[in-house]
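In case you want the letters, here they are:
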Amino acid sequence: MDSVLWSVGGWTHDRNNVYELFMGSIAMKAILIMVLQRLSLGLLTLFVVSVIIFSAVELLPGDLAQEILGQSATPETVAAFRAELGLDKPAVQRYGQWLFNVASGDFGHSLANGRAISELLASRVGNTLFLAAYAAIIAVPLSLILGILTALYRNSWFDRSVNVLTLSSISFPEFFIAYILILAFAVKIPLFPSLANIYPDTPLGDMLYRSALPVMTLVMVVVAHMMRMTRAAIINVLASPYVEMARLKGLSPFRVIVKHALPNALAPIINVVALNLAYLVVGVVVVEVVFVYPGLGQLLVDSVSKRDVTVVQAVSLIFAATFILLNLVADVLAIVTNPRLLNPR
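Since we're looking at a predicted model, the values are computed, not measured.

## A short note on the overall build of the protein chain
(1) Moving on: Looking only at helices and strands, the protein chain features 15 helices and zero strands.
(2) Moving on: Taking all 345 residues of the protein chain together, the buried fraction comes to 37%.
(3) Moving on: For the protein chain, the computed accessible surface area is about 19,600 Å², with 69% contributed by carbon and sulfur atoms.

Quick look at the structure:
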């Protein structure tokens, strides 16, 4: 009798294992299909953005060759320079050639100094990523902690105070916050330099010190969005029946939020964190200009002022690709943390 029961129990156990493996393979296949769909949509979006970028440059008033050579240039010189730049060819042909070169990793050469754009981007990309990572390491944990605490002590003086501070930081534009920080911590209390001069051979400690004010500006801007979304997502989950059951079991409010509410609120939190990380890379133009930080944003502004359209196109495309990639990562992570999003019905 015992052997019969063991056989039935062993068969049931094996059947459950097979069922779990089968369902796991289905879930992995669904996630893979979703990733491929999002990737295809991202490539299509990037293609549309490249068309918009190229068309916007084409619609700029004036003749590019004439602007570069100056008004004193003769018509023959302008015509020869247009032929050298390929501006005498149809726009569709020039777009196709530009897109093919970009896809093969060749961004062309700068019209301002003749250097390869890849050389100009090499150090600038690293500086912008360093600034974004520096700000993210501070902003993401800080926003999650504040979001959890404001949800835990909602409607208290702490919750109201944090909400007032975050709403104030959202209301002010980045350049205003940057100038206030310069006035406070570089002029009145000279703790940090007002200009973030970073060079390739700058030691890590000096880089952290010199970029402190730009990072503080970015942190004050992005923490507000992430903290409020974290708070709202957790409060929304706290009304669920399983959270009420956890409370009835006698668990502490902090453990209820961290162990039961937070894991089920991760999907919207991950989305808003990814969007703000994209902002840290894409939206740093104003901050980099204010602090003269040698990143992609500063390069973009300098290139626009010089009408260096090839560099403008390359930087804009990098910004678009970064934004699309981070959105793709956010979608994947949100579904991994909450597989029910694969079938929202």
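The rest of the description comes next.
## Let's talk about unusual backbone geometry
(1) Moving on: With phi around 70°, Asn 155 is a residue other than glycine that occupies positive phi space.
(2) Moving on: Take Asn 155: it is sitting in the loop between helix H5 (117-152) and helix H6 (157-171).
(3) Moving on: The exposed category is assigned to Asn 155, whose relative accessible area is 56%.

## Section: the packing of aromatic side chains
(1) Moving on: According to the stated counting rule, one finds eight aromatic pairs in the structure shown.
(2) Moving on: Centre to centre, the rings of Phe 54 and Tyr 95 are 5.4 Å apart; their planes meet at 65°, and the pair counts as edge-to-face. Here Phe 54 is found in helix H1 (residues 2-58), whereas its partner Tyr 95 is found in helix H4 (residues 91-103), with 41 residues between them in sequence. Take Phe 54 and Tyr 95: they sit in the same class, and that class is buried.
(3) Moving on: A ring pair is formed by Trp 157 and Phe 158, whose centres lie 6.3 Å apart and whose planes are at 85°; its orientation type is edge-to-face.
(4) Moving on: Every member of this aromatic cluster is reached through a ring pair, and the members are Phe 47, Phe 54, Tyr 95 and Trp 98.

## Comments concerning the layout of surface pockets
(1) Moving on: Taken as a whole, the second largest pocket encloses approximately 220 Å³ of empty space.
(2) Moving on: What lines the second largest pocket is a set of 14 residues, among which Asn 113, Leu 120, Arg 124, Leu 299 and Lys 306 lie closest to the centre.
(3) Moving on: A total of four residues in the lining of the second largest pocket trace back to one element, the largest contributor, which is H5.

## Focus on the nonpolar core
(1) Moving on: Leu 218, Met 226, Ile 234, Leu 238, Leu 280 and Phe 291 are the most contacted members of the largest nonpolar core, which has 52 residues in total.
(2) Moving on: Those elements giving two or more residues to this core turn out to be H5, helix H7 (174-188), helix H9 (212-238), helix H10 (241-248), helix H11 (253-264), helix H12 (266-282) and helix H13 (285-290).
(3) Moving on: If you tally residues by element for this core, the top one is H9, at 13 residues.
(4) Moving on: With residues near it in sequence (within four places) discarded, Met 226 still touches Ala 139, Val 140, Ser 143, Val 272, Val 273 and Asn 276.
(5) Moving on: Counting 12 residues, the second-largest nonpolar core is a separate cluster that includes Leu 120, Leu 121, Leu 300 and Ile 318.

## Describing the pattern of salt bridges
(1) Moving on: According to the stated counting rule, one finds two salt bridges in the structure shown.
(2) Moving on: Glu 119 serves as the salt-bridge partner of Arg 115, at 3.7 Å between the closest nitrogen and oxygen.

## Regarding H6
(1) Moving on: Compared with the 21 Å implied by 1.5 Å per residue over 15 residues, the 21 Å span of H6 between its first and last C-alpha is a close match.
(2) Moving on: Where H6 is concerned, the buried positions are Asp 159, Val 162, Asn 163, Thr 166 and Ser 169. In a view along the axis of H6, the buried residues occupy a sector of 130°, so they form one face of it. In H6, the exposed positions angled more than 90 degrees off the buried face are occupied by Trp 157, Arg 160, Val 164, Leu 165 and Ser 171.
(3) Moving on: Residues of H6 that are buried make contact with H5, H7 and H9.

## What to know about the packing of H9 against H11
(1) Moving on: Running from N to C, H9 and H11 point in directions that differ by 100°, and their axes come no closer than 9 Å. Classed by the angle they form, the pair H9 and H11 counts as roughly perpendicular. In this structure, H9 uses Ile 234, Val 237 and Leu 238 to contact H11, whose residues at the interface are Val 256, Ile 257, Ala 261, Leu 262 and Asn 264.

## Some words on the side chain of Gln 313
(1) Moving on: Mapped onto the elements, Gln 313 comes out in helix H15 (residues 309-337).
(2) Moving on: When near neighbours in sequence (up to four residues on either side) are disregarded, Gln 313 contacts Ile 53, Phe 54, Val 57 and Trp 98.

Calculation criteria
- Residues numbered from 1 in each chain as written.
- Predicted model: local features only at pLDDT ≥ 70, side-chain atom pairs only at ≥ 80, totals over all residues.
- Heavy atoms only, no water.
- Helix = DSSP H or I, 4+ residues; strand = E, 2+ residues; numbered from the N terminus.
- Buried < 20%, exposed > 50% of the residue type's maximum accessible area, 1.4 Å probe, protein only.
- Areas by Shrake-Rupley, 256 points an atom, 1.4 Å probe, with all protein chains shown as cover.
- Phe/Tyr/Trp six-rings, centres within 6.5 Å; stacked < 30°, edge-to-face > 60°.
- 1 Å grid on protein atoms, 1.4 Å probe; cavity = no way out; pocket = protein on both sides within 12 Å on 5 of 7 lines; lining within 4 Å.
- Points joined across faces, edges and corners; volume = space filled by probe spheres on them.
- Core = buried A, V, L, I, M, F, W, Y, C linked by side-chain atoms within 4.5 Å.
- Contact = heavy atoms within 4.5 Å.
- Salt bridge = Lys/Arg side-chain N within 4 Å of Asp/Glu carboxyl O.
- Expected span 1.5 Å × (residues − 1).
- Arc of directions from axis to C-beta.
- Axes fitted to C-alpha atoms, helices over the stretch in contact; angles between N-to-C directions.
- Parallel < 35°, antiparallel > 145°, perpendicular 65-115°, else oblique.

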